[in-house]
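In case you want the letters, here they are:
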Amino acid sequence: MNEQTVSALIHRIKSNITQPLRLMEVCGTHTTAIGRCGIRSLLTPELELVSGPGCPVCVTSQYDLDQMIMLSRQPGVTIATFGDMLRVPGSETTLELEKAAGADVRAVYSPFEAVKMAQQEQDRQFVFLGVGFETTAPAIAMSVELARQYGLDNYSVFSCVKTMPAALHALLGGGKSSLHGLILPGHVSAVIGRKAQDFVASHYHLPAAVTGFELTDILTAVLALVEMATKDEAAVVNCYPSVVREEGNPQARALIEKVFAPSDANWRGLGLIEQSGLSLRRELTQFDARLRFPVTPQDTPENSACRCANVLLGEITPPDCALFGSKCNPLSPEGPCMVSSEGACAAYFRYERKKAVTL
Amino acid sequence: MSRVTLSHGDGGAFSAQLVQNLFLRYLWNPYLEHLSDATILPTPNRALAVTTDSFVVQPVFFPGGDIGKLSVCGTINDLTAGGARPMYLTAAFILEEGFLLSQLEQIVASMAQTAKECDVAVVAGDTKVVPRGQADGIYINTTGIGQVYRGLKLSPREIQPGDAIIVSGTLGDHGIAVLSEREGLAFETQVKSDCAPLSSLLSAVEDLFPAVRWLRDPTRGGAAASLNELAQAAGADIILQERHIPIRPQVKAASDMLGLDPLTLANEGKMLFVVQKDSAADLLNMLQAHPLGADAVIIGTVASGSGEVLMKTEAGGTRLVEMPAGIPVPRIC
């Protein structure tokens, strides 16, 4: 990191601010990086950075979580999942607790590991929990392709894949947004391309900046947004040109399209959004865990005191939730935003719980 | 019904909760008051330190070591962190039916070599074999006894505002080495575990003992857990300087990729020191002159406060360094 670049960026951001501004980092990885680098403590109070709906664990609905937990209880079924999902609370329990009670739940680093396990243990059914956005979708799609090529009849995907543009439409569509700009995720954009997000400026007249996850990447995006917002200009700029192209990654997009089809999806905080999820295509139903193992949990209302939904919409910051830091903490999380390593509440608790840190 | 989960073994907040709410509720006595790596037992002549630890690492062979070397280093390092010169070890083995004898021999040879390097004798042992499927290959428990150095008074209560925090080398190497081997993650450069016995590192700084106030080898839970425990026990803040924290580039890259904080990753050959401000430079020089302390660096200071660990970030901002909670798991994206 170049210290001079950082302090020059901070100076330029501060000197460009002429009015209070609210910028949303849509992606959980940005939220975490902002906390870890102490960025808020470097900026002026007039510039508010709020978190958005871009943590895939956090936007997974409680109903989907309960389905995953019910799946883990099916005899002969092994659940393979990214580690983030283990401690997310469903209505009554978590996958971690189910594992301790005897369920076969295995944390994996990629869906390919799950395919490999399915190859090696053909007497068990392996269900990969496909939670993620466009970033993880190509790898999940590839795992289905591999399972098909290998002729495996014991591998399937429980798809909770969601698409980012749909979330942005839902977020901004209500017309009540008090935001002055969006920091858009570099990794999702690497797949879908900058152009696919032009609607943020053209349709909603909101400036947006696509960027990476290093400190200078984030500050560069903040500066671009501050400059546009103060001039009342709106464009979707690419602050991550080394990784993000206009059209994205055609191979990855083709792979997603080959395996998935758009479908309606339930988002925590945003509710049902039409065509915002990705389900397995009709010709691949044998790899669709939702169809192979239909489970219907009781539709339990979400914890009404937990305000993760408001956090995901940028309506409040985590400390505004009455449960934050008291009843809800990393040891006993009430909501997914406190569990996920990408979650806004976890990032605030981890890095910024102590108010007015001055060194 | 609540059950034990893997998080209860993470060395962070869940482990602490189990110890406080269950083990200490029934087993408390004055010897357990400080919950330090090793307990000091008064004897008529010279105080003894005792410690015990169980090793359940998977895989049992990893870059830079194996479970045998680890089981000796871990206990030697706990005695060292207790301010003692390791003298005797016991070793208890729980073996799973079917475990290869050739591998067991390799492991025991590795234990013997490490113990010999440190002039420590293995004076008692035990072997149990459980049916296939009831253990994961091999578990080893080692107990260590050592003689406490004269002139060394270690306690969180001893630390003062202005004291320096020194780490003997790079952080997170063991955590990434084991994780990448276990999960078959291929990183461009292989990271080796730092697994090493640190008793000679402490004896190398004997001249500065009155100035050394606290020691800890940051194993499970990493430096973040050790320093949070210290800050809470001392009722003081610890201020770390991110730019000075030594982390290998490949460990940083792997941690970034997996969404893990190197400060929460396990180490098996590093020691954290809190030393009186005026002696910090001398201690640093002595550590750097030792092969196991060549990368030693001052990473922070003690400040009056309420028991928080804070970090001045490379960018000049500030953030908390939280007590880890739950086993480190990689993120989704």
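Residues numbered from 1 in each chain as written. Chains lettered and ligands numbered in written order. Predicted model: local features only at pLDDT ≥ 70, side-chain atom pairs only at ≥ 80, totals over all residues. Heavy atoms only, no water.

Looking at an unreviewed UniProt entry, one finds chain B named Hydrogenase expression/formation protein HypE, with Dethiobacter alkaliphilus AHT 1 as its source organism. Checking UniProt for chain B, the heading Sequence similarities (unreviewed entry) contains the comment "Belongs to the HypE family." (UniProt positions renumbered as here; feature names shortened; annotations may be inferred.)

As named in an unreviewed UniProt entry, chain A is Hydrogenase formation HypD protein, taken from Dethiobacter alkaliphilus AHT 1. UniProt annotates chain A under Sequence similarities (unreviewed entry) with the comment "Belongs to the HypD family."

J.: With reference to specific residues and values, describe the overall build of chain A.
T.: Scanning chain A from N- to C-terminus turns up 15 helices and eleven strands. Here chain A has a C-alpha radius of gyration of 21 Å; the compact-globule value for 359 residues is 21 Å, and the two agree. Principal-axis analysis of the C-alpha atoms places the extent of chain A at approximately 65 × 45 × 40 Å. Taken as a whole, chain A presents about 14,100 Å² of accessible surface, with 49% of it coming from carbon and sulfur. (Helix = DSSP H or I, 4+ residues; strand = E, 2+ residues; numbered from the N terminus. Rg over C-alpha atoms; globule rule 2.2 N^0.38 Å. Areas by Shrake-Rupley, 256 points an atom, 1.4 Å probe, with all protein chains shown as cover.)

J.: Account for the sheet that holds strand S10 (residues 236-241) of chain B, naming residues and giving values.
T.: All names here are of chain B. Spatial strand order, S9-S11-S8-S12-S10-S13-S14: seven strands in an open sheet with mixed pairing. Each having just a single partner strand, strand S9 (212-216) and strand S14 (318-320) make up the two edges of the open sheet. The average angle at which neighbouring strand axes cross in this sheet is 25 degrees, direction not considered. In terms of strand pairing, strand S13 (residues 309-312) meets S14 through three bridges, oriented antiparallel. Each bridged residue has a counterpart across the sheet, and for Met311 the counterpart in S14 is Arg319. Where helix H6 (residues 222-234) meets the sheet, its contacts fall on strand S8 (164-167), S9, S10, strand S11 (272-275) and S13, and the angle it forms with S10 comes to roughly 150 degrees. (Pairing = 2+ DSSP bridges. Axes fitted to C-alpha atoms, helices over the stretch in contact; angles between N-to-C directions. Contact = heavy atoms within 4.5 Å.)

J.: Quick rundown of helix H15 (residues 344-352) of chain A? Include the residues and the values.
T.: Within H15 of chain A, eight of the nine residues are buried, which leaves it mostly tucked inside the rest of the structure. Within the span of H15 of chain A, buried status applies to Ala344, Cys345, Ala346, Ala347, Tyr348, Phe349, Tyr351 and Glu352 of chain A. Buried-residue contacts for H15 of chain A involve helix H2 (28-36), strand S2 (47-54), helix H13 (308-312) and helix H14 (336-339) of chain A together with S14 of chain B. (Buried < 20%, exposed > 50% of the residue type's maximum accessible area, 1.4 Å probe, protein only.)

J.: Break down the side chain of Asp173 of chain B for me, with residues and values.
T.: Relative to the assigned elements, Asp173 of chain B resides in helix H4 (residues 173-183). Excluding its chain neighbours within four sequence positions, the residues that come into contact with Asp173 of chain B are Val191, Lys192, Ser193, Asp194, Arg248, Val251, Ala266, Asn267 and Lys270 of chain B.

J.: Give a description of the pattern of salt bridges that names residues and reports values.
T.: Note on pairing: side chains with opposite charge can pair once their charged atoms come close. Residue and element names in this part refer to chain A. Per the counting criterion, the structure on display carries 24 salt bridges over all chains. A salt bridge links Glu48 to Arg22; the shortest N-O distance between them is 3.2 Å. Of this pair, Glu48 sits in strand S2 while Arg22 sits in strand S1 (residues 21-27), placing them 26 residues apart in sequence. Under the relative-accessibility criterion, Glu48 is labelled partly exposed at 31%. Residue Arg22 is classed as buried on the basis of its relative accessible area of 15%. A salt bridge links Lys258 to Glu145, with the nearest nitrogen and oxygen atoms 2.9 Å apart. Of this pair, Lys258 sits in helix H11 (residues 250-259) while Glu145 sits in helix H6 (residues 137-149), placing them 113 residues apart in sequence. (Salt bridge = Lys/Arg side-chain N within 4 Å of Asp/Glu carboxyl O.)

J.: Which residues make up the environment of Thr318 of chain B, and what values go with them?
T.: Of note, Thr318 of chain B is situated in strand S14. Note: C-alpha distance between Thr318 of chain B and Ile239 of chain B (79 residues apart in sequence) is 9.6 Å.

J.: Outline the UniProt feature "domain: PurM-like N-terminal" (unreviewed entry) in chain B, supporting the account with residue identities and numerical values.
T.: The sites that UniProt annotates as "domain: PurM-like N-terminal" (unreviewed entry) are residues 37-148 of chain B. This span, residues 37-148 of chain B, is 29% helix and 44% strand, and a straight line between its end C-alpha atoms measures 13 Å.

J.: So what's going on with the packing of aromatic side chains? Which residues, and what values?
T.: Applying the stated criterion to the full structure yields five aromatic pairs over all chains. With a centroid separation of 6.4 Å and an interplanar angle of 75 degrees, the aromatic rings of Phe199 of chain A and Tyr204 of chain A are classed as edge-to-face. Given the relative accessible area of 14%, Phe199 of chain A is considered buried. Assessed through its relative accessible area of 23%, Tyr204 of chain A is described here as partly exposed. Measuring from centroid to centroid gives 5.1 Å for Tyr149 of chain B and Phe209 of chain B, while their planes differ by 70 degrees, and the two rings are edge-to-face. (Phe/Tyr/Trp six-rings, centres within 6.5 Å; stacked < 30°, edge-to-face > 60°.)

J.: Residue-level account of the pairing of strand S3 (residues 77-81) of chain A, with values.
T.: All names here are of chain A. A large share of S3 lies buried, amounting to five of its five residues. Both faces of S3 are covered, namely the face carrying Val77, Ile79 and Thr81 and the face carrying Thr78 and Ala80. Sheet topology places S3 next to strand S5 (residues 125-132); four bridges connect them, and they run parallel. The residue of S5 that forms the bridge with Thr78 is Phe126. Pairing between S3 and strand S4 (residues 104-107): four bridges, direction parallel. In the sheet register, Ile79 faces S4, and the bridge partner there is Val105. Handedness of the crossover joining S3 and S4 through helix H4 (residues 95-100): right-handed. (Right-handed = clockwise from strand over helix to strand, strands pointing away.)

J.: Would you mind going over the interface of chain A and chain B in detail, with residue names and values included?
T.: Contact residues are listed per partner, giving 43 residues for chain A and 36 residues for chain B. Summing the contributions of chain A and of chain B, the shared interface buries around 3,400 Å²; its carbon and sulfur component is 63%. Linking chain A with chain B are zero salt bridges, by the criterion used here. Mapped onto the side of chain A that touches chain B, the elements with two or more residues apiece are helix H1 (3-16), H2, H4, S5 and H15 of chain A. (Buried area = accessible area lost by both parts, 1.4 Å probe.)

J.: Give me the lowdown on the domain arrangement of chain A, citing residues and values where you can.
T.: All names here are of chain A. In terms of domain boundaries, chain A breaks down into domain 1 (3-45 + 164-239), domain 2 (62-163 + 249-292) and domain 3 (307-347). The C-alpha centroid of domain 2 is placed 31 Å from the C-alpha centroid of domain 1. In this complex, domain 1 contributes ten residues to the contact, which on the side of domain 2 involves 14 residues. Buried area between domain 1 and domain 2, both sides added, is near 920 Å², and the carbon and sulfur share of it is 71%. If you sort the residues of domain 1 by the area they bury against domain 2, Met164, Ala166 and Val191 come out on top, with a joint share of 50%. Across the contact surface, domain 1 and domain 2 share zero salt bridges. Where domain 1 touches domain 2, the interface holds five residue pairs in polar contact (both at pLDDT 80 or more). Of all the secondary-structure elements, those providing two or more residues to the side of domain 1 that touches domain 2 are helix H7 (164-173) and helix H8 (186-192). (Domains from an automatic or database assignment. Polar contact = N/O pair within 3.5 Å; in protein donor to acceptor, adjacent residues only side chain to side chain.)

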